[in-house]
Amino acid sequence: MALNIQDVTKFYGSNKVLDQVNLTMQKGEFIALLGPSGSGKTTLLRIIAGLQFADGGLLSFDGEDITGTEARLRRFGMVFQSYALFEHMTVAENVAFGLKMRPRATRPARAEIGSRVQALLEMGEIGQLADRYPSQLSGGQRQRVALARALAIEPRLLLLDEPFSALDTKVRKGLRGALRDLQKRVGIGAILVTHDQEEAFEIADRIAIMADGRIEQFDKPENILKAPATPFVAEFLEGLGAWQNAGAGI
Amino acid sequence: MTHVLTTGLVPSGPTRRGARRVLPGFGLTLGISLLFVALIILLPLSGLAFQMAQLGFPDYLNIILSERTLAAFSVTISAAALATVFNATFGLLLAWVLVRYEFPGKRLLDALVDLPFALPTAVAGIALVALYDKSGWMGMLLEGMGLKVAYTWWGIALAMIFTSVPFGVRTVQPVMESLSPDMEEAARTLGARDLQIFRHVGFPQLWPSFITGASLAFARSLGEFGAVIFIAGNMPFETEIASLLIMIRLEEYDYPAASAIAGTILGLALVILILANIAQGRAARHLNGGK
Amino acid sequence: MTAATVTHAPLHPQIAAFHRRQRLKRLALILSAAAFALLVMGLPVIAIVARAFQEGLAVYAANIVEPDTLHAIGLTVLTALIVLPINIVYGIAVAWAITRFRFPGRRILLTIIELPFSISPIVAGLCYLLIYGATGLVGSWLDGWNVQLMFNLTGIVLVSLFVTCPFVARELIPLMQVSGRDQEEAALTLGASGWQTFRHVTLHNIRWALLYGAILANARVMGEFGAVSVVSGNIRGETMTLPLQVQLLYDDYNATGAFAAATVLTLIAVITLVLRSLIEARHPHAS
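About the thresholds
- The residue numbers shown here count from 1 along each chain, following its written sequence.
- Labels are handed out in written order, letters beginning with A for the chains and numbers beginning with 1 for the ligands.
- The predicted origin of the model limits local features to residues at a pLDDT of at least 70 and limits the giving and counting of side-chain atom pairs to 80 or more, whereas totals for whole chains, interfaces and linings rest on all residues.
- Hydrogen atoms and water are omitted, and side-chain values are computed over all heavy atoms in the structure.
- UniProt positions are given in the numbering used here, feature names are shortened, and annotations may be inferred rather than shown by experiment.
- Elements are defined by DSSP. Helices are runs of H or I of four residues or more, strands are runs of E of two residues or more, and each kind is numbered from the N terminus.
- A 1.4 Å probe rolled over the protein chains alone gives each residue an accessible area, and that area as a share of the maximum for its type sets the label: buried under 20%, exposed over 50%, partly exposed in between.
- Residue contacts are counted whenever heavy atoms from the two residues lie within 4.5 Å of one another.
- Buried surface area refers to the total accessible area, computed with a probe of radius 1.4 Å, that the two partners give up upon joining, counted for both partners together.
- Each salt bridge in this description consists of a side-chain nitrogen of Lys or Arg and a carboxyl oxygen of Asp or Glu lying within 4 Å of one another.
- In the analysis that follows, any N or O atom pair within 3.5 Å is treated as a polar contact, provided that within protein one partner can donate a hydrogen and the other can accept it, and provided that, for residues neighboring in sequence, both atoms belong to side chains.
- For this classification, the nonpolar set comprises Ala, Val, Leu, Ile, Met, Phe, Trp, Tyr, Cys and Pro, the charged set comprises Asp, Glu, Lys and Arg, and every other residue, Gly included, is treated as polar.
- Between any two strands, pairing holds if DSSP finds at least two bridges.
- Inter-axis angles, ranging from 0 to 180 degrees, are taken between N-to-C directions of lines fitted to C-alpha atoms, where helices are fitted over the stretch in contact.

## A few points about the UniProt feature "transmembrane region" (unreviewed entry) in chain C
Residues and elements named next belong to chain C.
(1) Moving on: Those residues carrying the UniProt feature "transmembrane region" (unreviewed entry) are residues 27-50, 70-96, 108-131, 151-169, 209-235 and 255-275 in this numbering.
(2) Moving on: From the first C-alpha to the last, residues 70-96 spans 39 Å; its make-up is 100% helix and 0% strand.
(3) Moving on: Helix and strand shares over residues 108-131 are 75% and 0% respectively, and the end C-alpha atoms of the span are 23 Å apart.

This is the structure we're talking about:
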């Protein structure tokens, strides 16, 4: 087991946005947090990233308690919804950022950083864009840069906050497969936040369906479809019939 | 008073349709504007240009390169440089605190930042003396530590710091407000510490406004008069600023000398502002992605 | 970052420590900013008031009603009363011309409008002497008609116009640029005259920005020192504005009198700042 979330609770003021959430993730697994807006999925992802802290509950990774570990020490790569690329740096500088920020003792040599960045860019098929600035890139290219940047720190876990929402449908479909392939190839666990059922069912090994700060059901896609655990899940997945009939099972 | 700071007044003019001049008042408003601009702004400035042209280059050099003038320039420029560095740094701090935090007294702090623009310079001048001469609160404290501020170069720098505080704050503040929290968080997940985030992610985006603020503060300090003369001591060769020397030459009816010094100070200020404008434009272009 | 306001279980010790560090950092930054502001800006104001009232209220009052000081206050108010209306008319005219029409030299005009802000007060005063002084290009010609512009109220007004003329214009231009001409053109098509359109449509839209600019200009007119001191002639009891009177009293070793006069200017500055933040709070678009 890689990540273990235990009774995590979070308040915004007196408003409970996460209510005793439990979730266990296996090594190398791809998990989707699926739910309508306001269901708490992004907050949960940010707590996993360490950008926010839970008000109660525990988080552990590979047996180590990380509940109170700062984001910068977690080594979880994150792709933001807006991609949050550093607009004043080139693509290569963006990807190199995490390596350059390391303390001197663990920082790779300059040449080593260069070659690693190039390898990551090649892997994301954006090697030719190394010297461009983010503002000169298309949406799909920006997403690939954000992904390469997150992978550059050799993350222990990959966190993806609605990484496809800014793209048009055509680009989105292609990139989904690419992301899934890349994740399997690198062999790290990934958590994807999305409100798009089709996306979650196509990409994830297991899906956690969230509503009102709770996980309604956490299971493999086919099991969820076969047996929705709550009326909410059944209703929420109604639109998915078409996808199921098309036979795109995993 | 923030207004002095926003650079680049107007983006682009009205559309081509404007050529049709549907709205009335073109002749009247342009007439008033041109008359005013000519009589109040351009004519007096041309007076300085004319006087300098009359002077001739050798005489100009004679005045500028005289020992006393050079000393005045060196005092003015060095004190202005210190004030600029100081205010650029503290401007970042003040802007950061005003943008990032909520705390009791925040509105008061915000208003205090504009005080140097609202308080007449002569009032600031005598207030600083009252504080820093040997019987003043700060003066007693510092003198005990062996530092004399009033009637020394430090006093000049202090007065310049006072008058140019708002530039350092108000230029970077709006840009700081618009910094995306996403980029900061991304840097954090990538392992950056707070100071690294500021240095590598925040500051590069503030840089253009930072240059603008610093150059405005420097230009203002170069020409500052009222706040400085009370605390300066005004000893020729030592604590005499350029503006005061202009005033002294005027009182001697030596208009050519006054004009030569004034033209030089004005030219220096304009060059700084223009250079900053170019650098700022370049940095801003770079921020928005290369070419 | 966001501290929990509702706590059920005790916080994880590491999280509690993190929040403590954040609070500490925040406190340190706020305190150092406040200390800087207090030291550089706050103390001088306190010092002025303390020194003015050092010898008691009676001495303060006597210093304020001293004839020369009263005259200086009067002259300062008079100057503002002349300068402000001219500046407002000029500001509106130039903003109207620039934002409503396109003409050759428009960009140059925009640059020139801003120019006075980059020119230091002493240099500005000098420029006025060189042109409008008795030996100046225009001044000597006027001298032939027995008209003197410098070393009297006219000189003070002219140079005050110079140092404050960008204030109103630069508040109005960005606003009028954004608000566009649609409403005005609509009013015209509805049969309003040009003047009616201006009064009921334009003026209504820009009134807060206009007030804002005028308040800032007023503070500068009343407080201007360097430029005015070059052209005023410094005649006791005649051409001394309040800032000049402060210097005169100070140089006469009447420090208490100087600080008393300075409190009046300080009060104007404080009122300006209060009005400014009131307008900014209620009409953020005005600034």
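## A look at unusual backbone geometry
Most of the time, phi is negative for any residue but glycine, and the peptide bond is trans.
(1) Moving on: Positive phi, close to 70 degrees, is recorded for Tyr-83 of chain A, a residue that is not glycine.
(2) Moving on: Position of Tyr-83 of chain A among the secondary structure elements: in the loop between β6 (76-79) and α3 (91-100).
(3) Moving on: Even without glycine at this site, Tyr-253 of chain C takes up a positive phi of about 60 degrees.
(4) Moving on: With respect to the secondary-structure elements, Tyr-253 of chain C resides in the loop between α11 (242-251) and α12 (255-282).
(5) Moving on: A relative accessible area of 79% means that Tyr-253 of chain C is categorised as exposed.

## Remarks on the interface of chain C and chain B
(1) Moving on: The interface is formed by 100 residues belonging to chain C together with 97 residues belonging to chain B.
(2) Moving on: In this assembly, chain C packs against chain B so that about 8,400 Å² is buried in total across both faces, 77% of it on carbon and sulfur atoms.
(3) Moving on: If you look at where chain C meets chain B, you find two salt bridges.
(4) Moving on: For Lys-25 of chain C, the salt bridge is made with Asp-194 of chain B, and the minimal N-O distance between the two is 2.2 Å.
(5) Moving on: Taken together, the links from chain C to chain B amount to seven residue pairs in polar contact (both at pLDDT 80 or more).
(6) Moving on: With 21 residues, helix α1 (residues 13-52) of chain C is the single largest residue contributor to the side of chain C that touches chain B.
(7) Moving on: Per-class residue counts for the side of chain C that touches chain B are 69 nonpolar, 16 polar and 15 charged.

## Structural notes on helix α8 (residues 181-189) of chain B
An α-helical turn contains 3.6 residues, so any two residues separated by three or four positions project in the same direction.
Residue and element names in this part refer to chain B.
(1) Moving on: A large share of α8 lies buried, amounting to seven of its nine residues.
(2) Moving on: Buried residues of α8: Met-183, Glu-184, Glu-185, Ala-186, Ala-187, Arg-188 and Thr-189, and no others.
(3) Moving on: Directly beyond the C-terminal end of α8, a positive phi value near 100 degrees is found at Gly-191.

## Observations concerning the UniProt feature "transmembrane region" (unreviewed entry) in chain B
All names here are of chain B.
(1) Moving on: In the numbering used here, UniProt assigns the feature "transmembrane region" (unreviewed entry) to residues 26-50, 70-99, 111-131, 151-169, 217-237 and 257-278.
(2) Moving on: Helix makes up 67% of residues 217-237 and strand 0%. Its end C-alpha atoms lie 24 Å apart.
(3) Moving on: As a span, residues 257-278 carries 100% helix and 0% strand, and end to end its C-alpha atoms are 32 Å apart.

## Details of the sheet that holds strand β7 (residues 157-161) of chain A
Residues and elements named next belong to chain A.
(1) Moving on: Reading across from one edge, β6-β7-β8-β3-β9-β10 is the order of the six strands in this open sheet, with mixed pairing throughout. Taken across any chain shown, the strands that pair with only one partner, and hence form the sheet edges, are β6 and β10 (214-219). Neighbour-to-neighbour, the strand axes of the sheet open up by a mean angle of 15 degrees, direction not taken into account.
(2) Moving on: Here five bridges tie strand β3 (residues 30-34) to strand β8 (residues 189-194), and the two strands are oriented parallel to one another. Within β8, the position partnered with Leu-34 by the bridge is Thr-194.
(3) Moving on: Docked against the sheet, helix α1 (residues 41-49) engages β3, β6, β7, β8 and β9 (206-211), running at close to 150 degrees with respect to β7.

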